[in-house]
Every structure is written in structure tokens, then in C-alpha cells.
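Geometric and topological summary
Residues per chain, in single letters:
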Amino acid sequence: MEHLNQFINGQWLSGEGETFDSIDPAKNVSVWQGNSAVVSQVDKAVTAARESQFAWYMSGVEARLAIIKKFAALLEENKEALALVIAQETGKPLWETRTEIAAMMGKAAISEKAYFERTGESSSELPIATAVLRHKPHGVVAVFGPYNFPGHLPNGHIIPALIAGNTVVLKPSELTPYTSEKVVQLWQQAGLPEGVLNLVQGEVETGKALASHPGIDGLFFTGSSNTGHVLHQQFASQPDKILALEMGGNNPLVVAEVDDVDAAVHDIVQSAFISAGQRCTCARRLYLPKTDQAEQILSRLVTVTKAIEVGDYDAEQQPFIGAMISAKAAAGMVAAQDKLKALGGESLVELEQADVSKGFVSPGIIEVSEVGELPDEEYFGPLLQVVRYDDWDSAIAQANNTRYGLSAGLLSNEPAKWENFRHRIRAGIVNWNRSITGASSAAPFGGVGASGNHRASAKYAADYCAYPVASMEGETSVMPATLSPGLHF
Ligand SMILES: NC(=O)C1=CN([C@@H]2O[C@H](COP(=O)(O)OP(=O)(O)OC[C@H]3O[C@@H](n4cnc5c(N)ncnc54)[C@H](O)[C@@H]3O)[C@@H](O)[C@H]2O)C=CC1
Ligand SMILES: O=C(O)CCC(=O)N[C@@H](CCC(=O)O)C(=O)O
């Protein structure tokens, strides 16, 4: 049966391009099948977004917020069903996909507050006029989402964009089309006017058609650094368009002397292995001093990692981690481990993919202190690289030795070390004695270097969703008391 998987101008349509499937990586079955949107369908979506934009903006922020609140209420009503869809598509355990829905619901109130705080209206009286600052939406924006949080991360662009008065064309990851379809159905139910949010599903060609469409005013992207760099080049000669890039990281976690070994190990595990290592903020590199306590930390870390439960998203006794997004991604992590071993790495806990038809891997730890040139790659899975350091300065230098700059952390009981660390480390999320995953939506979220283009998201998404308009106002024209030289009235 034809699957109506594109949502264009308030109508559900089937794609006219190639067929693609969403595969449940835990059970190796297809949970969704549809066709990609072709160029002409992407064009219709952008046109619909353009035609509805001014009326959406002019409806006023209170009317827009009413629909957004209705959407949040519908998420609450449908949270179990949606949590299951995300689990089926991504392999993430249900306990975790429920937290993803909670983050989506929380986004509405956080973005409302941020809209008024960051892009509200203000005025001041000057001798010659009233100076007023207001903000206006860019117009039509394209939103691109990754597969690891198929609900929460596109939502983190869509809600602030809609509040500001933009209209949206969403292109989700081709690995997670089912989630977006369900989410957009809720938007429709919430009463969003036709054309305000359009969904174009498909593989890379659909993405290219949308990103290169001359009718968009901006593009908000969360995904890999490679794709983000391609988009940045594509936008290089278009200064009139706003581009917000949230990309990956090769994130360091530095350990010094700590008070509680188990608490530190817990922070390391949460940082490295949550979501099967598929968070952009996950710790990829762990720096340990050459001390007796660090040996204890590593030994506990190895023991706890070996005991991590990996299993089905719907298992009655929930595992800590489920399958990775695909069998291919899991095999990619085995290949990454092999590469590090070939460079001189020594496996402390082997990352293993027992069944090559599924996305499950056991988390791994590899000591890479003897590797001369550690690849500056984001291995997007549960593989933690361990490096021993001789002194503090070399720990900081090695931690900073990356082109990325998304997240970084310090585990240490010395406030002076934290002061030093936070000044010297180069990243957008820098934590002390806390896991480096699980960033708050109420704070800005973004990285430097190859991790972003200085358009932080979460709270600061409000900033890239609107542009400032400064006005000097007076109710009538007035003759100045003193004329400029050379003027005669
Ligand atoms: N900094 C952040 O906020 C976050 C970053 N990420 C990063 O996302 C990555 C994982 O997500 P993926 O889905 O693999 O990212 P991806 O870059 O492969 O895909 C993201 C989106 O871009 C589209 N796309 C791919 N190539 C394109 C092209 N040439 N033109 C236009 N569109 C194109 C895809 O279809 C998808 O919709 C990781 O690198 C992770 O670190 C994930 C979550 C948060
Ligand atoms: O955008 C927000 O609302 C906050 C950012 C956020 O949720 N970050 C999460 C997941 C992002 C990722 O790694 O894919 C986190 O920091 O764990």
C-alpha cells in the first residue's frame, strides 16, 4: 500500500522518489517503508511554507504559543506510543526514549521563556525619538535532524523557529522517518495552519534539494561534522541566509585526584556509554594521571563496563543501552577499534558485535597512550579511548588537541584545578564532577571549532530564529530646534 509520508501544505502525500525503509536495529525488521520526496515535492513544500509565513507571523506570538502548548499537551497524551516508535527506530531502551519525549515537552516552556528573554521587545526614550528594539522571523527555514535523538533535536529547532514566526520545512534523518511522521501528525492535530510545518522525507538527494533550494531563508542543522561542513561551503556565497550548525565532537574527559572513586567511574560511564555512545556530547577520550588512584579508577571502570547490560529496548528488565542505530554503525565501531589497535592501541574491554545482522555492541575501552598520532575522529559509539598523562599541562594540551570543541569535563576534588581547566579548555560545554552528557535545554548548547558555527542552540536557539530590528520612532515629524549647517527653511 502507498505510504503517505510527506506532509506538504497540510496534505499527506506519498513520495515520488526511491523507496527506503526504517529498520529496527534490535530485531532486524523493517518498521516503516516509504518513498523519498523528489525535487518538485521539496519545491512545493518550500512554496507552501512561503505562502503561509506572513499570516503565521501576523497571527501574533500568543496565538502561535497556544498551538505550541497544544502540541506539548498532545506529546504528553501520546508519550508511550511515541517512546515506542523512537525505540523501534533507534534501538534505544524505552526508559531512555521516555526521557526524550519529556525533553520535547519541556522545550515548549523553555523556548517561550527564551523567546521573550533573548528576542523580546524593549524601548527607551531619547531626546529626539523613542528607540525601539523588536525581532522578526527570517521567513522559511529548513530543519535537518540526526538519527540519535529523532524527536528531541529537530524539535529543538522547530519550536523556537515557530514561536518566532518562521515557517518550517523539516527533513529528518532517513534512518528515523517513522518518528518524524508521528510527531508531525501531532502538530497537525494541534491545529497548525496549512503550510506552516512541512515534512519532506528521503535520503541524501532530498536533503540536497532542500539545502540548495533558493526559497529558503535559513537552515538549522544538527548532524555530523562532515555534512555540516558541506552545508557551510554551500552557503558560503549566501550571506543573506542564516545557517546554524550543531555538529559532532571528539570530547575529552580529564581525571585528576577525586574524592570518591565509584562516583567518578559513574560519571565516566554516563559520559562515554549512555545511548550506546551515540550522543554528540559523549566522552571519547579519557585522560588519567599515572597515580595509584587512577589505577583504581581504571580497574573499577573496566569491571563496571564489563557488567553494563546491553539489550532489547522493550525488555522487561531494562538494559542500560540498547542497539546502535544500525548493524552497519555497529560494524563501523568494530572497525574503529581495529584501526586503533593497528595503531598500537591495547584493548582493555573489547567492543564486540555478536550478531552482524543487528546493531548491538558491548561497550569497549581501549588504551591508546602508546599511539603516536591519535586520529582526531568522532567514533560515534560506545568506545572509550584511555590516555595516561604525566603532568597537568600535558593533560590539558592533549585534551585540547582536537579540531572539535563540543564538550569537555574534569573530575577532580581541587577547585583550583577546575578554575585552571575551565579557562584553558576549548569547548562549548565544560563540566566539573558531572557527566558531560545530558546538557540542559535551559542553557545554550553548542560547540566551537569543527563542532559548530557559533550559533548555539537550546536556550540560544531563539537568537538564530529571529533578527533584530532597531527603530527610532515619533508619532509625528518635528522640526529640530537647531538645523544642520547649510540647511535653510
Ligand atoms: N552538536 C549537536 O547538537 C549534535 C550533533 N550530532 C551529530 O550528528 C551525527 C549523527 O547524526 P547523523 O544522522 O549521522 O548526521 P548526518 O550528517 O549524516 O545527517 C544529518 C541530516 O543531514 C542530511 N544530509 C546528509 N548529507 C546531506 C547533504 N549532502 N546535503 C543535505 N543534507 C544532507 C541527512 O539526510 C540528515 O537528515 C554525529 O556526528 C553527532 O555528533 C548529533 C546530535 C547532537
Ligand atoms: O538542545 C537541547 O535542548 C539541549 C541539548 C541536549 O539535549 N543535549 C543532549 C543530547 C545531544 C546529543 O548528544 O545528541 C546531551 O547533551 O546529552
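Residues numbered from 1 in each chain as written. Chains lettered and ligands numbered in written order. Predicted model: local features only at pLDDT ≥ 70, side-chain atom pairs only at ≥ 80, totals over all residues.

Per an unreviewed UniProt entry, the protein goes by N-succinylglutamate 5-semialdehyde dehydrogenase and derives from Agarivorans aestuarii. Quoted verbatim from the Pathway (unreviewed entry) field of the UniProt record, the comment on the protein reads "Amino-acid degradation; L-arginine degradation via AST pathway; L-glutamate and succinate from L-arginine: step 4/5." In the Sequence similarities (unreviewed entry) part of its UniProt record, the protein is described as follows: "Belongs to the aldehyde dehydrogenase family. AstD subfamily." (UniProt positions renumbered as here; feature names shortened; annotations may be inferred.)

**Considerations on the sheet that holds strand β13 (residues 283-289)**
Read from one edge of the open sheet, 7 strands run β14-β15-β16-β13-β12-β17-β18, paired in mixed fashion. Pairing within the sheet leaves two strands with one partner each, and these edge strands are β14 (346-349) and β18 (429-432). Between one strand axis and the next, the sheet turns by 25° as a mean value, whatever way the strands run. For β14 and strand β15 (residues 364-367), the ladder comprises 3 bridges, and the chain directions are antiparallel. Among the inter-strand pairings, Val349 is bridged to a residue of β15, identified as Ile365. Helix α12 (residues 392-399) rests against β12 (251-255), β13, β16 (383-389) and β17 (407-411) of the sheet, and its axis sits at about 145° to β16. Set on the sheet, helix α13 (residues 415-424) makes contact with β12, β17 and β18; between it and β17 the angle comes to about 165°. (Pairing = 2+ DSSP bridges. Helix = DSSP H or I, 4+ residues; strand = E, 2+ residues; numbered from the N terminus. Axes fitted to C-alpha atoms, helices over the stretch in contact; angles between N-to-C directions. Contact = placed C-beta atoms within 7 Å.)

**Some words on the UniProt feature "active site" (unreviewed entry) in the protein**
Here, UniProt's "active site" (unreviewed entry) annotation points to Glu246 and Cys280. The greatest C-alpha distance among the annotated residues, which extend across 35 residues, is 9.2 Å, indicating that they converge on a single site. Within the secondary structure, Glu246 is located in strand β11 (residues 242-246). By C-beta crowding, Glu246 is classed as buried, having 28 other C-beta atoms within 10 Å. Residues in contact with Glu246, not counting those within four places in the same chain, are Phe221, Thr222, Gly446, Gly452 and Ser457. Looking at where Cys280 falls in the secondary structure, it is placed in the loop between α9 (261-273) and β13. Look at Cys280 and you get buried, because 29 C-beta atoms sit within 10 Å. (Buried ≥ 20, exposed ≤ 12 C-beta atoms within 10 Å, placed from the backbone.)

**Some words on unusual backbone geometry**
A positive phi angle, close to 55°, is found at Ser275, a residue other than glycine. By secondary structure assignment, the location of Ser275 is in the loop between α9 and β13. A positive phi is found at Ala276, a non-glycine position, where the angle reads about 55°. Counting through the fold element by element, Ala276 comes out in the loop between α9 and β13.

**What to know about the sheet that holds strand β6 (residues 130-137)**
Here we have 3 strands laid out as an open sheet, ordered β5-β6-β21, and antiparallel in their pairing. Among the strands making up the open sheet, the edge pair consists of β5 (122-125) and β21 (466-473). Adjacent strand axes in the sheet meet at a mean angle of 20°, parallel and antiparallel pairs treated alike. Both β5 and β6 contribute to a ladder of 4 bridges, which runs antiparallel. Looking at the pairing, Ser123 lines up with Val132 of β6.

**Some remarks on the site of ligand 1**
By nearness alone, 26 residues border ligand 1, and Pro146, Gly207, Gly223, Thr227 and Gly248 come closest of all. At the level of secondary structure, the elements contributing two or more residues to the shell around ligand 1 comprise α7 (204-211) and α8 (225-234). Considering every element that reaches the shell around ligand 1, the biggest residue donor is α7, with 4 residues. For the shell around ligand 1, the residue count by class is 12 nonpolar, 9 polar and 5 charged. (Near = placed C-beta within 6 Å. Nonpolar A, V, L, I, M, F, W, Y, C, P; charged D, E, K, R; others polar.)

**Some points on the nonpolar core**
Judged by nonpolar contacts, the single largest core of 134 residues is most densely connected at Val168, Val169, Leu219 and Val255. Beyond its immediate sequence surroundings of up to four residues, Val168 is in contact with Ala49, Val141, Val143, Ile158, Ala161, Leu162, Leu197 and Asn198. (Core = buried A, V, L, I, M, F, W, Y, C linked by C-beta atoms within 7 Å.)

**Quick notes on the site of ligand 2**
Around ligand 2 sit 15 residues, and of these Arg279, Cys280, Ala439, Ser441 and Ala458 come closest. Broken down by class, the residue content of the shell around ligand 2 amounts to 6 nonpolar, 8 polar and 1 charged.

**Quick notes on the UniProt feature "domain: Aldehyde dehydrogenase" (unreviewed entry) in the protein**
Here the UniProt-annotated "domain: Aldehyde dehydrogenase" (unreviewed entry) positions come out as residues 12-464. Along residues 12-464 the backbone is 41% helical and 20% strand, and the end-to-end C-alpha distance reaches 29 Å.

**A word on the packing of helix α4 (residues 94-119) against helix α5 (residues 152-164)**
The interhelical angle for the contact between α4 and α5, taken along N-to-C directions, is 35°, at an axis separation of 9 Å. α4 and α5 meet at a crossing whose hand is right-handed. Together, Glu100, Ala103, Met104, Lys107, Ala108, Ser111, Glu112, Ala114, Tyr115 and Thr119 of α4 and His152, Asn155, Gly156, Ile159, Pro160, Ile163 and Ala164 of α5 make up the contact between the two elements. (Left-handed = near helix turned anticlockwise from the far one by under 90°.)

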